[in-house]
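Here is what each chain is made of, one letter per residue.
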Amino acid sequence: MLQDIEPNQFRNEFENKEPDGSDFVFIFKDDQVLLKNDETLLEIPKFEDLEEGENIQKNAVYLFSIDNQSYFLAADFVKDFENGKAGYEYKKMRSVLTDAAKIPAFACATAFHLSKWYSTRRFCGRCGEKTVHKKDERAIVCPSCGLTEYPKISPVVIVGIKNGEELLMTKYTTAASEYRNYALVAGFVEIGETLENAVRREVLEEVGVHIKNIAYYKSQPWGLSDSLLAGFFAELDGDKTICLDEKELCEAVWVSRKEIPQVDSLMSLTANMIEAFRSGKIE
């Protein structure tokens, strides 16, 4: 999956580190990231690759490292590079996850998560004062009232519902998601819920069936939605008739194991779960 970059080592502990020219830098514009395109690979630029590199370094924020190579965020710098100019272009984040190599794809997703959090915490949510970065941990603090906030991580459950040799597969409405391929029932965990209760609720809300024998499968960080995904498989309990939540889904169908197409990429937890059922790894 996206986060499986071993034997490369990901280090996300906070450091109050200054960048140098050989460090990687992320520049985001909405849901796009600036990348170097050499026609075969999408590469994250280094400070020394950019004409404005020295200026960008002054306010860059350290994010994480991979194999002792540091990655920074140009938090207060956005420039409208023309596509193709000097080999750089803004790429949609979702396409990066499929088009880039695994390490830069994982790095982009993780940086995007932190970038969105930083951009929405510029002012204190309690008193409205401009916030500052803490020097000893990854956090934003209000210098006026002292409110301290840490990176936002939202738990999400994904559910593979089994009925013998069938798997319940869904498609989102265009209003709910830009993802157009088949997926599984999924949703955010609500206040006061356990993961298991969220699984039961989401299944009942989205497709109107009951389930039993809920079993944990795997988890995955997913920076596109600021989430930690928790995957579960469960068995149908009773009637298989689907009652579709048309606000969230445009389709939900039972698909036999033999008719499930092999997925093109196992970068996402959803694809990993579908392939695990299709291949017989999950009975």
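Small disclaimer: the values here were computed from a predicted structure and weren't measured. (Residues numbered from 1 in each chain as written. Predicted model: local features only at pLDDT ≥ 70, side-chain atom pairs only at ≥ 80, totals over all residues. Heavy atoms only, no water.)

### Examining the nonpolar core
As a reminder, the rule being used: Remark: nonpolar core denotes a set of buried residues (Ala, Val, Leu, Ile, Met, Phe, Trp, Tyr, Cys) joined through side-chain atoms within 4.5 Å. When a residue's accessible area, from a 1.4 Å probe over protein chains only, is under 20% of the maximum for its type it is buried; when over 50% it is exposed; and in between it is partly exposed. For helices the rule is a DSSP run of H or I covering at least 4 residues; for strands it is a run of E covering at least 2, with both sets numbered from the N terminus onward. By the convention used here, residues are in contact when the closest approach between their heavy atoms is within 4.5 Å.
Among the nonpolar cores identified, the biggest contains 72 residues, and Phe26, Ile161 and Val207 are the most heavily contacted of them. It is helix 3 (residues 102-119) that provides the largest number of residues to this core, a total of 10 residues. Setting aside residues up to four positions removed in sequence, Ile161 forms contacts with Glu166, Leu167, Leu168, Val185, Val203, Val207, Ile211, Ala234, Leu236 and Trp254. Leu50, Ile56, Tyr62 and Tyr88 belong to the second largest nonpolar core, which has 12 residues in total.

### Here's the deal with the sheet that holds strand 2 (residues 24-26)
Just so we agree on the cut-off: For two strands to count as paired, DSSP must find a minimum of two bridges between them. Simply put, an axis is a line fit to the C-alpha atoms, just over the touching stretch for a helix, and the angle between two N-to-C directions goes from 0 to 180 degrees.
Taken in spatial order, the 4 strands make up an open sheet running 1-6-7-2, and their pairing is mixed. With partners counted over all chains shown, the strands left at the sheet margins are strand 1 (10-11) and strand 2, one partner each. Pairing analysis gives 3 bridges linking strand 2 to strand 7 (residues 69-73), with the strands arranged parallel. The residue of strand 7 that forms the bridge with Val25 is Phe72. This element, helix 3, spans strand 1, strand 2, strand 6 (61-66) and strand 7 of the sheet and lies at about 155° to strand 6.

### Quick notes on the packing of aromatic side chains
The test is simple: A pair of aromatic rings is counted whenever rings of Phe, Tyr or Trp (Trp by its six-membered ring) have centres within 6.5 Å, and the orientation is called stacked for planes under 30 degrees apart, edge-to-face for over 60 and tilted otherwise. Note on geometry: a ring has a charge over it if NZ (lysine) or CZ (arginine) is within 6 Å of the ring centre and within 35 degrees of the ring normal.
Across all of its chains, the model carries 13 aromatic pairs by this definition. Ring centres of Phe10 and Phe64 lie 5.4 Å apart, and the angle between their planes is 65°; on these two criteria the pair is classed as edge-to-face. Placement of the pair is Phe10 in strand 1 and Phe64 in strand 6, with a sequence separation of 54 residues. Seen from their ring centres, Tyr216 and Phe232 are 5.7 Å apart, and the 75° between their planes marks the pair as edge-to-face. Note that Tyr216 is positioned in strand 15 (residues 211-222) and Phe232 in strand 16 (residues 227-236), a separation of 16 residues in sequence. Assessed through its relative accessible area of 3%, Phe232 is described here as buried. Chaining the aromatic ring pairs together yields one cluster made of Phe10, Phe24, Phe26, Phe28, Phe64, Tyr71, Phe106 and Phe112. The side chain of Lys171 reaches across the aromatic face of Tyr182, ending 4.5 Å from its centre.

### Observations regarding the pairing of strand 6
Looking along a regular strand, one sees the side chains alternate between the two faces of the sheet. In terms of burial, strand 6 is a largely internal element, 6 of the 6 residues being buried. Pairing of strand 1 with strand 6 involves 2 bridges; the strand directions are antiparallel. Within the sheet, the bridge partner assigned to Phe10 lies in strand 6 and is Ile66. As defined by bridge partners, strand 6 adjoins strand 7 across 5 bridges and the pair is classed as antiparallel. The residue bridging Phe64 from the neighbouring strand is Tyr71, located in strand 7. Where strand 6 folds back onto strand 7 in an antiparallel hairpin, the turn is made up of 2 residues, including Asp67, whose phi is positive at roughly 55°.

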